[in-house]
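# Topology and contacts: notes
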Amino acid sequence: MTTYTLRSASPAKTRADVVVVGVVSTTKGVELATGAEDVADAWGRRLRPLLSSLGVKGKTGEVLTVPTGGVLRAPLVVLAGLGAKDAVDPVAVRRAAGAAARSITNAASVAYALPADSPELVRAVAEGSRLGGYTFTPYKSSGGSEAPNDVVVLSPIARKKEAEQAFADAEAVAGAVAAARDWVNTPAADLTPEKFADSVAAQHKAAAKGRTKQLTLRVLDEQELADGGFGGILGVGRGSDAPPRLVELTWSPKDPQGHVALVGKGITFDSGGLSIKPAQGMTTMKCDMAGAAAVLQATFAVAALELPVKVSCYAPMAENMVSGNATRPGDVLTMYGGTTVEVLNTDAEGRLVLADALVRAGEDDPDVILDVATLTGAMMLALGDRVGGVLGTEEVVEEVLEAGRAAAEAQWPMPIPDEIVERTKASKIADVLQHDWNRWGGGLYAAAFLQAFTDGRPWAHLDIAGPAYNNGGAYGDVTPGGTGFAVATLVEFIRQRGADATA
Ligand code: BES
Ligand code: MN
Ligand code: ZN
């Protein structure tokens, strides 16, 4: 276990195995960043030639470990690139902290002396260092490198209330993001809907100690789903030997300032069903429950932070498999609430489980609904694999984008055009058409389909098919595999709602 503390102290005099400082580029060459002034002073006139002979450029992502030879109290300094001096912002600091954390493999104590003179920057250092150092080792027979015992974030405003708050927020958010990554990284065989729901129940039990009335959990099993008429969840899950679940986690603080509903896609594995995926497209489909992981962990974080907003979280969980009993293209499903849907592609399963959960969410009369889903490859084609798409009610979309900026998660608005809404009404035998074979705007069509189940409520849909899973190497505070994308945006969105209401 690593202990994190926020302190105001001199990085040159701090007792630690490693001190991390920022390097920025200027028109006159490289220099150490804000926060490292007394490290620069300790080296004095020898610093410039040292940086130059090391070939340090101050580029983002750059990290270099250098022995201090007694110049600092710490034996090693890690130089982390922050980019151009006048463009240093919380995103750059978060990335540098993440890259530095990953490069430190064998230290018992680490001190971060990156720019941290505002609450936003304190948060960036604290979250970046925790998340960049994330590893997932349960399936490795010999464990990786040891995490440090002590991490100190140095900040000149460490004793200010806002800084302490930002540091505590960062702890809750980074813990939630890491937990979401763990779920996504767990192989689908070990995270069936039932096991996923059990894991939520175990975390709920620990988190609800002493406040069982505020943090409540309900898990519907396949029988209860059948009794309730959840045709979407059952229709997708029926091809699997592992039966589906619907998890409902609720945070109800005293005198809540508003009510936010969260809905997350929890497909524990997506083979495509009878409309089966090609082999390569299936390899990462254990990630198809990343939306459920995000909304559940965001709700746990909101509860840990005791934010004054009611949150109702719904996670429909199912495994999309092939069998003699699987849903067929052409079948009609009756969703929760009675709307009928003609299924034309069993690989467009996410919208089916979400439809049930959206209707269920509406029943509790929230002020706003946010759904999060690894929904379409089309959104990846449009936005790449590091940017999420946000669609829905205009004001809510804007609010999500704003929260995303504060949370350092890249998102972009996409439209739901009328002509695409019209296409979802084109079924000859049912109320709503799940899919048509017009490929253009597949991510928009999916959102138009979901909108039919929101009952006209304020709503936004976050399509995280790209950024939920990192197929490449680590960058900044993002590690390979599950990324925990959307957790931070959701917590920020809810925090903002609470703050606006109290203001
Ligand atoms: N889970 C996939 C979407 C996805 C693709 C997520 C790649 C992450 C990476 C989803 O269920 C799916 O299969 N969508 C289809 C929809 C199509 C059949 C309309 C797609 O995008 O191809
Ligand atoms: Mn699919
Ligand atoms: Zn899917």
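Summary of the structure given here. Quantities reported herein were computed from a predicted structural model and do not represent experimental measurements.

As a further point, take the coordination of the zinc ion (ligand 3). In the first shell of the zinc ion (ligand 3), the protein supplies Lys265 (NZ), Asp270 (OD), Asp288 (OD) and Glu349 (OE), at 2.0 to 2.4 Å from the metal. Each of the six donor atoms around the zinc ion (ligand 3) contributes to a set of angles spanning 79 to 173 degrees, which defines the coordination as octahedral. Mapping the donors of the zinc ion (ligand 3) onto the primary sequence yields the spacing K-x4-D-x17-D-x60-E. Separating the zinc ion (ligand 3) and the manganese ion (ligand 2) is a distance of 3.1 Å, and Asp270 donates to both of them. With a relative accessible area of 2%, Lys265 lands in the buried category. Taking relative accessible area as the criterion, Asp270 reaches 3% and is therefore assigned buried.

Glancing now at the coordination of the manganese ion (ligand 2). Around the manganese ion (ligand 2), the protein contributes the donor atoms Asp270 (OD), Asp347 (O), Asp347 (OD) and Glu349 (OE), at 2.1 to 2.2 Å from the metal centre. With six donor atoms in place around the manganese ion (ligand 2) and angles of 71 to 168 degrees between them, the coordination shape is irregular. In terms of primary sequence, the donors binding the manganese ion (ligand 2) are separated according to D-x76-D-x1-E.

On to the pairing of strand β12 (residues 310–320). Within β12, ten of the eleven residues are buried, which leaves it mostly tucked inside the rest of the structure. Inspection of the sheet shows strand β9 (residues 245–251) paired to β12 by seven bridges, in the antiparallel sense. Bridge pairing links Arg245 to Met317 in β12. Direction of pairing for strand β10 (residues 259–264) relative to β12: parallel, over a ladder of five bridges. In the sheet register, Leu262 faces β12, and the bridge partner there is Cys313. Judged from the four bridges that link them, strand β11 (residues 266–270) and β12 form a sheet pairing that is parallel.

Moving on to the site of ligand 1. With respect to spatial proximity, 16 residues lie near ligand 1, and among them Lys277, Asp288, Asp347, Glu349 and Gly377 are the closest. Interatomic distance of 3.2 Å between a side-chain N/O atom of Lys265 and an oxygen atom of ligand 1. Calculation on ligand 1 without its partners gives an accessible area of 520 Å², and the protein chains cover 80% of this total. Most atoms of ligand 1, that is more than half of them, are within 2 Å of grid points of the second largest pocket. In the shell around ligand 1, the residues fall into four nonpolar, five polar and seven charged.

By the element assignment, Asp288 lies in the loop between α9 (279–282) and α10 (290–304). Sequence separation between Asp288 and Ala188 is 100 residues, and the spatial gap between their C-alpha atoms is 9.6 Å.

Parameters at a glance
- Residues numbered from 1 in each chain as written.
- Chains lettered and ligands numbered in written order.
- Predicted model: local features only at pLDDT ≥ 70, side-chain atom pairs only at ≥ 80, totals over all residues.
- Heavy atoms only, no water.
- Donors = N, O, S within 2.8 Å, 3.2 Å for Na, K, Ca; no water.
- Tetrahedral: all angles 85-135°; square planar, octahedral: opposite > 155°, others 65-115°.
- Buried < 20%, exposed > 50% of the residue type's maximum accessible area, 1.4 Å probe, protein only.
- Helix = DSSP H or I, 4+ residues; strand = E, 2+ residues; numbered from the N terminus.
- Pairing = 2+ DSSP bridges.
- Near = heavy atom within 4 Å.
- Polar contact = N/O pair within 3.5 Å; in protein donor to acceptor, adjacent residues only side chain to side chain.
- Areas by Shrake-Rupley, 256 points an atom, 1.4 Å probe, with all protein chains shown as cover.
- 1 Å grid on protein atoms, 1.4 Å probe; cavity = no way out; pocket = protein on both sides within 12 Å on 5 of 7 lines; lining within 4 Å.
- Sits in = over half its atoms within 2 Å of the grid points.
- Nonpolar A, V, L, I, M, F, W, Y, C, P; charged D, E, K, R; others polar.

Function cannot be inferred from these measures alone, as they are strictly geometric.
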